[in-house]
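What follows is each chain in one-letter form.
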Amino acid sequence: MAQQGSHMESAKYSCSICLDLLKDPVTIPCGHSYCMNCIKDHWDGDDERRIHSCPQCRETFIPRPVLKKNIMLAELVEDLKKTGLQAAPADHCYAGPEDVACDVCTGRKMKAVKSCLVCLVSYCENHVQPHYEVPTLQKHQLGDPSKKLQDNICPHHEEVMRIFCRTDQQCICYLCTMDEHKGHETVPAAAERAEKQKKLQESRQQIHQRIQVQEEDVKLLQQEVEAINVSADKAVEDSEKIFTELIHLLQERSSEVKQQIRSQQETEVSRVKDVRKKLEQEITELKRKDAELEQLSHTEDHTQFLLNYPSLPALRESTHSSSINIRPLRHFEDVTAAVSEITYLMEDVLKDTWTNISLTITEVDVLLSEPEPKTRDGFLKYSQEITLDPNTANRFLLLSEANRKVTAMKEEQSYPDHPDRFTDSFQVLSKESLTGRCYWEVEWREGGVNVAVSYQNIGRGGSNECLFGVNDKSWSFSCDTDSYTFLHNNIETPVPGPVSSRIGVYLDHRAGILSFYSVSETMTLLHRVQTRFTQPLYAGVGPFFNGDSTEFVKLK
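Procedures and definitions
Residues numbered from 1 in each chain as written. Predicted model: local features only at pLDDT ≥ 70, side-chain atom pairs only at ≥ 80, totals over all residues. Heavy atoms only, no water. Helix = DSSP H or I, 4+ residues; strand = E, 2+ residues; numbered from the N terminus. Buried < 20%, exposed > 50% of the residue type's maximum accessible area, 1.4 Å probe, protein only. Contact = heavy atoms within 4.5 Å. Areas by Shrake-Rupley, 256 points an atom, 1.4 Å probe, with all protein chains shown as cover. Polar contact = N/O pair within 3.5 Å; in protein donor to acceptor, adjacent residues only side chain to side chain. Axes fitted to C-alpha atoms, helices over the stretch in contact; angles between N-to-C directions. Parallel < 35°, antiparallel > 145°, perpendicular 65-115°, else oblique. Nonpolar A, V, L, I, M, F, W, Y, C, P; charged D, E, K, R; others polar. Pairing = 2+ DSSP bridges. Salt bridge = Lys/Arg side-chain N within 4 Å of Asp/Glu carboxyl O. Core = buried A, V, L, I, M, F, W, Y, C linked by side-chain atoms within 4.5 Å. Domains from an automatic or database assignment. Arc of directions from axis to C-beta.

An unreviewed UniProt entry lists the protein under the name Tripartite motif-containing protein 16-like, with Poecilia mexicana as the source organism.

Here you go:
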């Protein structure tokens, strides 16, 4: 308490400019006292206007008063110093690097508590007082401390920008309306702020509506997760009851069914949770956006509002539909029915029925898949950059163009030994594994090329089993100068259609769709495969003859 009283006592003898104890105190005609150097420095800045005023009461003096040291006040200050009292405020009152400093303070500056949007000056608690006490200053608009007050000054005329030019969409001063903005549509900044505030509120309303819709979608997805789990658990339970009545062979089948159900259950739950997570992330982003807009809407400085408003990113389109479509299935209930059929069949029939069971499990697909695109722009949404893996390239293939182009050569290339390298066929695979929905284009020249997709575990040499399309691990679309041929599991299918030097390949791994298109001014479907892919795929090419080259087109 004694220390607090001492600080209060010392404050009486402090200079309101430097906030320290008075040094060589002088008393000006209005009765306020300052350090001699402080008031001199303050008035030196007013010499051009030839009007000098008191920093506290704003009383003006013409001419500039002659300053004389107040001997009695100086003695009182000296006595105060001898008692060890200091007028320095607590450290937390001083401005740090992140704070707005008082523009009036000299020496170590105090934190500003207000910025005047008329004076364009920031004030600490002491120096802002005249704005509360002096009638003319009371009319000024005070706002939160801001480091950007100078942004309100016109860079051309050094005047405060209080006008908004709608023609050029920028803040200007009144002098700008007389020259470079003459004849433009202009309004007061406050009026433009009011109009944009309305648009801001409309944006927030849209955000709130989208948040509401997507929160409902999240609830729906959560319910679907529970339904999938309940249905899957029930299917597993029923399947186990049925299989316990069968012999050991059927019990082995039961274990396989259980594993497939659990795998599909995990896949479906994972997909639904992934969509739910993305929606929740988008909701968080929308809320963050709303908070930014709310903060902007409370900005007291019209000019700052207008300066920041155009920099706000536009509200992006949602990455998901406004509502979640759920496939109207009974989830895993059909699996139970499929398993029940086995009790009435013999072992030889079981082999044929087993395929039906597996397909029934994998057909549990809660989220509706998008249809195959109809236009090239639609395919390009799924464009996949393909780079070839040098470790898989046959030694008579030369890779170039950042490993996107392959050329068949007469000379053997100096590739190091690698277990993934094709040794007996002119082939190469991509580095990227392909799942989900992917699209890429292949440009081929000269004799011909095999455009293929393959599992990673395709053979690498020693027999024809390593050739694209000759086995059940790869699908090959063969292009030559006058015809197409599709090859899988060593079964050839002639493909009619216009021969094109550019082939587009579309893959929907989950749906089991592989399509080949002729790409020119239009997209022409050449061949589509509907199957079931059990592993990630890799893009592959195999030029026919020496000198033939093929390049994966860079679509992005």
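Structure's up, so let's keep going.
Caption draft 1: Layout of the overall build of the protein. For the protein, the count of helices and strands is eleven helices and 23 strands. Residue burial in the protein is summarised as follows: out of 556 residues, 42% are buried. Considering only residue pairs separated by 6 or more positions, the protein has 61% of its internal contacts joining residues 24 or more positions apart. Surface exposure of the protein reaches about 30,200 Å², of which carbon and sulfur atoms provide 50%.

Caption draft 2: Region of the structure containing the side chain of Ser-515. Relative to the helices and strands, Ser-515 resides in strand 20 (residues 513–519). Given a relative accessible area of 0%, Ser-515 falls into the buried group. Among the polar contacts listed, one links the side chain of Ser-515 to the side chain of Glu-372, at a separation of 3.2 Å. Within the local environment of Ser-515, its side chain forms a polar contact with the side chain of Arg-528, the two groups lying 3.4 Å apart. If we skip the residues at most four places from it in the chain, Ser-515 touches Glu-372, Gly-504, Val-505, Tyr-506, Leu-525, His-527 and Arg-528.

Caption draft 3: Structural context of the packing of helix 6 (residues 189–243) against helix 9 (residues 333–340). Closest axis-to-axis distance for the helix 6/helix 9 pair is 8 Å, and the angle between their directions is 10 degrees. Relative to helix 9, the element helix 6 is oriented roughly parallel. Listed contacts from helix 9 to Ser-231, Ala-235, Asp-238, Ser-239, Ile-242 and Phe-243 of helix 6 are Glu-333, Thr-336, Val-339 and Ser-340. Across the contact of helix 6 with helix 9, the residue classes break down as four nonpolar, four polar and two charged.

Caption draft 4: The pairing of strand 17 (residues 484–488), seen in detail. Examined bridge by bridge, strand 16 (residues 474–480) and strand 17 share five bridges and lie antiparallel to one another. Bridging across to strand 17, Phe-477 finds its partner in Phe-486. Linking strand 16 to strand 17, which pair antiparallel, is a turn of three residues. The sheet contact formed by strand 17 and strand 18 (residues 491–495) spans five bridges and is antiparallel. Residue pairing in the sheet places His-488 in a bridge with Ile-491 of strand 18. Counted along the chain from strand 17 to the antiparallel partner strand 18, the turn is two residues long, and its residue Asn-489 has a positive phi close to 55 degrees.

Caption draft 5: Inspection of the pattern of salt bridges at higher detail. Following the criterion strictly, the structure yields 25 salt bridges and no others. A salt bridge links Glu-185 to Arg-166; the nearest nitrogen and oxygen atoms lie 3.4 Å apart. Of this pair, Glu-185 sits in the loop between strand 9 (170–172) and strand 10 (186–188) while Arg-166 sits in the loop between strand 8 (163–165) and strand 9, and the two are 19 residues apart along the sequence. Glu-185 gets classed as partly exposed once you look at its relative accessible area, which sits at 45%. The class for Arg-166 is partly exposed, based on a relative accessible area of 24%. In this structure, Arg-166 engages Glu-195 in a salt bridge whose closest nitrogen and oxygen atoms are separated by 2.7 Å. With a gap of 29 residues between them, Arg-166 in the loop between strand 8 and strand 9 and Glu-195 in helix 6 connect regions that are remote in the sequence. Exposure remark for Glu-195: the relative accessible area of 34% places this residue in the partly exposed category. Bridged by salt links that share partners, the residues Arg-166, Glu-185, Glu-192, Glu-195 and Lys-196 form one connected network.

Caption draft 6: Just the sheet that holds strand 20, in detail. With respect to topology, seven strands assemble into an open sheet ordered 11-12-23-14-19-20-21, the strand pairing being antiparallel. In this open sheet, the two edge strands, each paired with only one partner strand, are strand 11 (397–400) and strand 21 (523–530). Adjacent strand axes in the sheet meet at a mean angle of 20 degrees when their direction is disregarded. Where strand 14 (residues 437–445) lies against strand 19 (residues 502–508), seven bridges are found, and the strand directions are antiparallel. Its bridge partner lying in strand 19, Tyr-439 is registered against Tyr-506.

Caption draft 7: View of the nonpolar core. Grouped together as the largest cluster of nonpolar side chains are 42 residues, with contacts concentrated most on Val-257, Ile-261, Phe-332, Val-339 and Ile-361. At the level of secondary structure, the elements contributing two or more residues to this core comprise strand 8, strand 9, helix 6, helix 7 (248–297), helix 8 (302–308), helix 9 and helix 10 (347–362). A total of 13 residues in this core trace back to one element, the largest contributor, which is helix 6. Lining this core are residues from two domains, each supplying at least three of them: domain 2 (114–189) and domain 3 (196–295). For Ile-361, the contacting residues outside a window of four places in its chain are Val-257, Gln-260, Ile-261, Gln-264, Phe-332 and Val-335.

Caption draft 8: Here's a closer look at unusual backbone geometry. Each neighbour pair has its own omega, and for Ile-62 with Pro-63 the value is 0 degrees, a cis peptide bond. Among the structural elements, Pro-63 can be located in the loop between strand 4 (60–61) and helix 3 (71–82). We note that Leu-120 has phi near 55 degrees; this positive angle belongs to a residue other than glycine. Of note, Leu-120 is situated in the loop between strand 5 (114–116) and strand 6 (121–123).

Caption draft 9: Molecular detail of helix 2 (residues 36–44). Where helix 2 is concerned, the buried positions are Met-36, Cys-38, Ile-39 and Trp-43. In an axial view of helix 2, the angular spread of the buried residues amounts to 165 degrees, which keeps them on one side of the axis. Opposite the buried face of helix 2, by more than 90 degrees, sit the exposed residues Asn-37 and Asp-41. Elements that come into contact with the buried residues of helix 2 comprise strand 1 (25–27), strand 2 (33–35), strand 3 (52–53) and strand 4.

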